[in-house]
Every structure is written in structure tokens, then in C-alpha cells.
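Residue-level listing of the chains:
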Amino acid sequence: MILVTGATGGLGRSTVDALLKKMPAKEITALVRDSEKAADLKEKEVVVKEGDYFNYQSLLKAFEGVEKVVLISAPTFTDRITQQTNVINAAKEAGVSHVIYTGIQRKKDGSWIVPMVTESDKITEQLLIESGLNYTIVLNNVYADVIPFFIGNPAAISEVKYPSGDAKISFVAREEFAEALANLVIQNGHENKIYTLSNSEAWSFADIAEILTEISGRKIDFINVSKDQYISLKEKEGYPKPAAEFAVEWANAALAGELDEINPALEILLGRRPSSLKDFLKRYFQPEN
Ligand SMILES: NC(=O)c1ccc[n+]([C@@H]2O[C@H](COP(=O)([O-])OP(=O)(O)OC[C@H]3O[C@@H](n4cnc5c(N)ncnc54)[C@H](OP(=O)(O)O)[C@@H]3O)[C@@H](O)[C@H]2O)c1
């Protein structure tokens, strides 16, 4: 039995969907906080269990009879360390054999520190490695899906404004991370490994402006705004200051060279080259967007 946490969220749900293409639904457990949100998964005969990362007993109960747990990292701006520690300890106590943790890509010995992201990832990874459980740590690059948070709706903007200079990011569509996770979890040989998942190419925000120009047929320029200018622009758009500052953290990471790694692991797990950013961004120009 494979259990996927966060199964009502973007990455978890896509991982369950990818697993459904590869194995019987009744061998998949979706861990959710509210089973009503997973009614369609129940209809597909996925086992739906309720559990909360903050509620150790609920995790212990949900992990009964589970062989592998895919731990989708807890949301930022929450106490990720307590939550993820609970999952790892409960998995161990329940007799789970393998936990797969999804964290954020960072360079080994890099200088990028965002307490609510990198530091909680490091603590979780260390705990998992020392737990005695089989582990796989998957360090994901930035979801291409996050680009609208950084720059606005790609189909509606007339300029790309971000304080990232020439820095590049190897963006990946979230559903392709999910597909890779599903492949990883059903294959053997990934025990006690750490993978960095990134695209086969990296893009600057000037590249994004160029891609959007090509797709839209309108000239869209990149403007390398200052960090302060960017924060006030985001605040004017209605984002709270901490969210705007959080968006800047990703520019800082990119400028520090933390997010431009080209690594073959994702291509190997997918069995094909990941989608290009141009293909991903085209979806914002489809009529339903
Ligand atoms: N690499 C990147 O670019 C990137 C970008 C964004 C986030 N992330 C990280 O990747 C994770 C997954 O991303 P995502 O896009 O799938 O996030 P998401 O759509 O926000 O999904 C988060 C999931 O976690 C569940 N959850 C939240 N608190 C929980 C708790 N206390 N106990 C159990 N489940 C809980 C949510 O359940 P409910 O439906 O009940 O709320 C939801 O299913 C995020 O949590 C974050 O750590 C990475």
C-alpha cells in the first residue's frame, strides 16, 4: 500500500492521479484533512484516510498497513518542522518501510536561507536519514505553476517585472514532478537516495518575457525592478507584505545560483525530457484560462 499525503493539494493530488495510471486504486491511500474534498478519489476506489500532520495519533492510524509514504512537504508559513517530524515518527512507529520526502532544491553548501523553507527542509531530511527508515529525498526546483505569483497572469501582463537580473531557474510543471514521484515510488532501487529534480534547461525572467512575446504576438519586456520596487508593486496588487517578501526570496535564491541546476534525474524518472517552459506557458493562453 502506498500512501500519499497532501492528496487534496496540487502535488499530492497529481501524484495520486499519476499512480492511478500505474496501479490498482485500492493499493493507493490518499491522506487528507477533509475526506469530503476527496469524494471523487473515493469513487475511483482510492482508499481515503483522514489525518492531520499536527495530530500524531491520526497519522499513526492512517499509516497502519502502509508500506511507502510519500510525504508532501507541509505548507510554508506553518510549523513545518513539527508536522514533518510527526509524519516521520508516526511512519516509523506504524512499521512503514520507506518514506519519500519532497523538499525544495538548494545547492549543497549553498548560502540561501529562508527559515520557513530551507531550514525546515534540512531538519526534516536529517531526521529522515537518521530514522532508520528507507528514505528518498526529492529536492524539487520551482514549480512553473508559481510563475503567475511572481509576475501576474502571463496572458494579461504587458511587462515582466522581477528583481532577478540575469539569474535563471530550471522551472518544472508541478504535474511532471508528480509523475516523477509516482514513477519513483513504484520502482525499486531508489532507497536511501537524494535526487535533485530540475528541468533540462533554465530560464531567466528576460527569457520568460521573450517566450511570452512569442506566444502572445505582443512585445513584452523584462524590467529588472529593485527589490523595494517589486515589494511595493505586489502590495499594490493586494499581496500582504510577507507574501511579497517571500516572492523576493526566490529572486534572491536565483541570484545566488541556487535554482539553475540542470540535473538529469527528472528526465530519467520521467523517461523523457520534461516539458519546456514555452509549452507550459502556452496553457495560460488557452480559452479556458
Ligand atoms: N517547489 C515549489 O515551487 C513549491 C511551490 C509551492 C509549494 N511548495 C511546497 O510543496 C508542497 C506541496 O505543494 P502544493 O502545490 O501541492 O501545495 P498545496 O496545493 O497548497 O497543497 C498542500 C496540501 O497539504 C495539505 N495540508 C496542509 N496542512 C496540512 C496538515 N496540517 N496536515 C495534513 N495535510 C495538510 C493540504 O490539505 P488541505 O486541502 O486540507 O488544505 C493540501 O492537500 C507545499 O506544501 C510546499 O511545502 C513547493
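Reading the values: the criteria
Residues take numbers from 1 onward in each chain, read along the sequence in its written order. Note on the predicted model: pLDDT of at least 70 is required for a residue's local features to be given, and 80 or more for side-chain atom pairs to be given and counted; whole-chain, interface and lining totals, by contrast, use all residues. Only hydrogens and water are set aside when side-chain values are computed; all heavy atoms of the structure are taken into account. Salt bridges are defined as contacts in which a side-chain nitrogen from Lys or Arg sits within 4 Å of a carboxyl oxygen from Asp or Glu. Helix and strand assignments follow DSSP, with helices taken as H or I runs no shorter than four residues and strands as E runs no shorter than two, numbered in order from the N terminus. Throughout, a residue-residue contact means that at least one pair of heavy atoms, one from each residue, lies within 4.5 Å. Whenever two N or O atoms come within 3.5 Å, that pair is a polar contact, provided that in protein one can donate a hydrogen and the other can accept it, and provided that, for residues adjacent in sequence, both atoms are side-chain atoms. For each domain, the first and last residues come from an automatic or database assignment. Buried area: the accessible surface (1.4 Å probe) lost by two parts on joining, summed over both.

### Details of the pattern of salt bridges
Part 1 of the reasoning: In this structure the tally under the stated criterion is 15 salt bridges.
Part 2 of the reasoning: Between lysine 219 and aspartate 221 there is a salt bridge whose closest N-O contact spans 3.1 Å.
Part 3 of the reasoning: Note that lysine 234 is salt-bridged to glutamate 237, the shortest N-O span being 3.3 Å. With lysine 234 and glutamate 237 both in helix H9 (residues 227-237), this residue pair falls 3 residues apart, about one helical turn.
Part 4 of the reasoning: One salt-bridge network, in which partners are shared between bridges, spans Arg13, Asp17 and Asp40.

### Let's talk about the environment of asparagine 199
Part 1 of the reasoning: Looking at where asparagine 199 falls in the secondary structure, it is placed in the loop between strand E9 (193-197) and strand E10 (203-204).
Part 2 of the reasoning: Sequence separation between asparagine 199 and proline 274 is 75 residues, and the spatial gap between their C-alpha atoms is 6.0 Å.
Part 3 of the reasoning: Once you skip the residues sitting within four places of it in the chain, asparagine 199 turns out to touch Ser170, Phe171, Val172, Glu261, Ile262, Asn263, Pro274 and Ser275.
Part 4 of the reasoning: Here the side chain of asparagine 199 touches serine 275 through a polar contact of 3.0 Å, landing on its backbone oxygen.

### Side note on the domain arrangement of the protein chain
Frequently, the measure chosen for interface size is the accessible area removed from exposure when the parts meet.
Part 1 of the reasoning: According to the domain assignment, the protein chain contains domain 1 (2-140) and domain 2 (142-172 + 199-260 + 275-289).
Part 2 of the reasoning: Here domain 1 and domain 2 have C-alpha centroids that lie 28 Å from each other.
Part 3 of the reasoning: Every contact between the two is made by 14 residues of domain 1 and, on the other side, 12 residues of domain 2.
Part 4 of the reasoning: Between domain 1 and domain 2, a total of about 1,100 Å² is buried, with carbon and sulfur atoms accounting for 63% of that surface.
Part 5 of the reasoning: If you look at where domain 1 meets domain 2, you find 1 salt bridge.
Part 6 of the reasoning: Residues lysine 107 and aspartate 260 are paired through a salt bridge, measuring 3.1 Å at the closest nitrogen-oxygen approach.
Part 7 of the reasoning: On the surface where domain 1 and domain 2 come into contact, there are 3 residue pairs in polar contact (both at pLDDT 80 or more).

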